[in-house]
Amino acid sequence: MANSKYEYVKSFEQSDALLPHTWIVIRVDGRGFTRFAQVHGFQKPNDEQALHLMNECATAVLEDIPDICFGYGVSDEYSFVLRKNSTLFQRRASKLVSIVVSLFSATYVMKWGRYFPGTEMQYAPSFDGRAVCYPSDTILRDYLSWRQVDCHVNNQYNTCYWSLVHSGCSPAEAQNVIKGTLADFKNELLHTRFGINYNDLPAIFRKGSLVFKRKDENIVKVENGVPIKRQKTMVVVSHEDLIKDSFWKENPSILG
Ligand code: ATP
Ligand code: ATP
Ligand code: MG
Ligand code: MG
Ligand code: MG
Ligand code: MG
């Protein structure tokens, strides 16, 4: 295309390429989802359908962007890990973040009806996004562990809070009962007062959601008694501990 006298304005654009050879984490978080959850009647403390919808959005992100090797989601947020050596969009932060955020948001709206049949979306949801570089595998794992610990702490608090509220406490009373208490007290409260064994709650609530790719060998047909196999890469969702080594040892290709 011919140059014009206006072309110089391009030089005002600033480079935002992220540090090479570092893990890039792109985290998205629903904007004002306290209200969004209320308006759309999410169950408290955990609406399972809303979590499945988030997981569907994350699956779409992993399927569309091959350089994203892992996702971890809790509540209205999702963290996506871009491979260390990725050069996608020259590692430009604004490109990476805006594409993940818009793909995630668009999928949320597109798939809403599958998870909330009969509930009309009242207004368009939006998500914020940021990108952060983590320079080593250890620090990346610490980041993910931080999010999973947060999931646990919040879930324990919210389960106590909403059990109290659903049993007739006012929000202020419920807050007063649990304010500043330790994990053991909360577990005891759930057990003695509500008959809830915290560890029996669904893993999706306690552990959040891990999304990653797994190679599966499928038998596509049998020829003369010989099975013909094909390797297929599938995006899978699980709800397990990611803090200990075992998950990473069982799935070495994620950070490999
Ligand atoms: P911000 O715009 O600053 O992110 P926010 O209202 O979204 O504000 P968050 O700290 O992100 O605040 O908290 C998410 C809110 O959405 C919480 O109030 C949480 O209870 C609610 N929420 C998200 N997912 C679910 C769910 N699956 N079930 C019930 N509530 C949910
Ligand atoms: P990139 O991901 O780099 O942006 P792109 O394919 O989106 O790649 P653009 O330079 O953004 O490339 O160009 C937009 C493309 O979309 C062009 O091919 C343009 O013809 C097409 N397009 C956009 N809007 C319309 C429209 N209203 N009618 C017809 N074609 C359109
Ligand atoms: Mg916030
Ligand atoms: Mg939010
Ligand atoms: Mg949040
Ligand atoms: Mg374009």
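Rules used in this analysis
Residues numbered from 1 in each chain as written. Chains lettered and ligands numbered in written order. Predicted model: local features only at pLDDT ≥ 70, side-chain atom pairs only at ≥ 80, totals over all residues. UniProt positions renumbered as here; feature names shortened; annotations may be inferred. Helix = DSSP H or I, 4+ residues; strand = E, 2+ residues; numbered from the N terminus. Contact = placed C-beta atoms within 7 Å. pLDDT = per-residue confidence, 0-100. Near = placed C-beta within 6 Å. Nonpolar A, V, L, I, M, F, W, Y, C, P; charged D, E, K, R; others polar. Buried ≥ 20, exposed ≤ 12 C-beta atoms within 10 Å, placed from the backbone. Domains from an automatic or database assignment.

Draft legend 1. Layout of the UniProt feature "binding site: GTP" (unreviewed entry) in the protein chain. Under the feature "binding site: GTP" (unreviewed entry), the UniProt entry names S75 and D76. Structurally, D76 can be placed in the loop between β2 (68-74) and β3 (77-82). Discounting residues that sit within four places of it in the chain, D76 has contacts with D29, G30 and F33.

Draft legend 2. Up close: the confidence of the model for the protein chain. Taken over all residues, the pLDDT of the protein chain has a mean of 96, while the share at 70 or more is 100%. Per the prediction output, this complex has pTM 0.94; the corresponding ipTM is 0.93.

Draft legend 3. Inspection of the site of ligand 1 at higher detail. The local shell around ligand 1 holds 15 residues, among which F33, T34, D47, A50 and D76 are the closest. Contributing elements (two or more residues each) for the shell around ligand 1: β1 (23-30), α1 (33-39) and α2 (48-64). Looking at which element gives the most residues to the shell around ligand 1, the answer is α1, with three residues. Class assignment of the residues belonging to the shell around ligand 1 gives a composition of five nonpolar, five polar and five charged.

Draft legend 4. Structural detail: the UniProt feature "binding site: Mg(2+) 2" (unreviewed entry) in the protein chain. Feature annotation in UniProt assigns "binding site: Mg(2+) 2" (unreviewed entry) to the following positions: D29 and D76. Taking the farthest pair of C-alpha atoms as the criterion, the annotated set spanning 48 residues converges on one region, since that pair is 5.6 Å apart. Assessed through the 20 C-beta atoms surrounding it within 10 Å, D76 is described here as buried.

Draft legend 5. Up close: the domain arrangement of the protein chain. Here the domain parsing of the protein chain yields domain 1 (20-207) and domain 2 (209-243). With centres defined by C-alpha atoms, the gap from domain 1 to domain 2 works out at 26 Å. Looking at the side of domain 1 that touches domain 2, the elements with two or more residues in it are α2, β2, α4 (137-166) and α7 (203-207). Partitioned by chemical class, the residues of the side of domain 1 that touches domain 2 number nine nonpolar, six polar and two charged.

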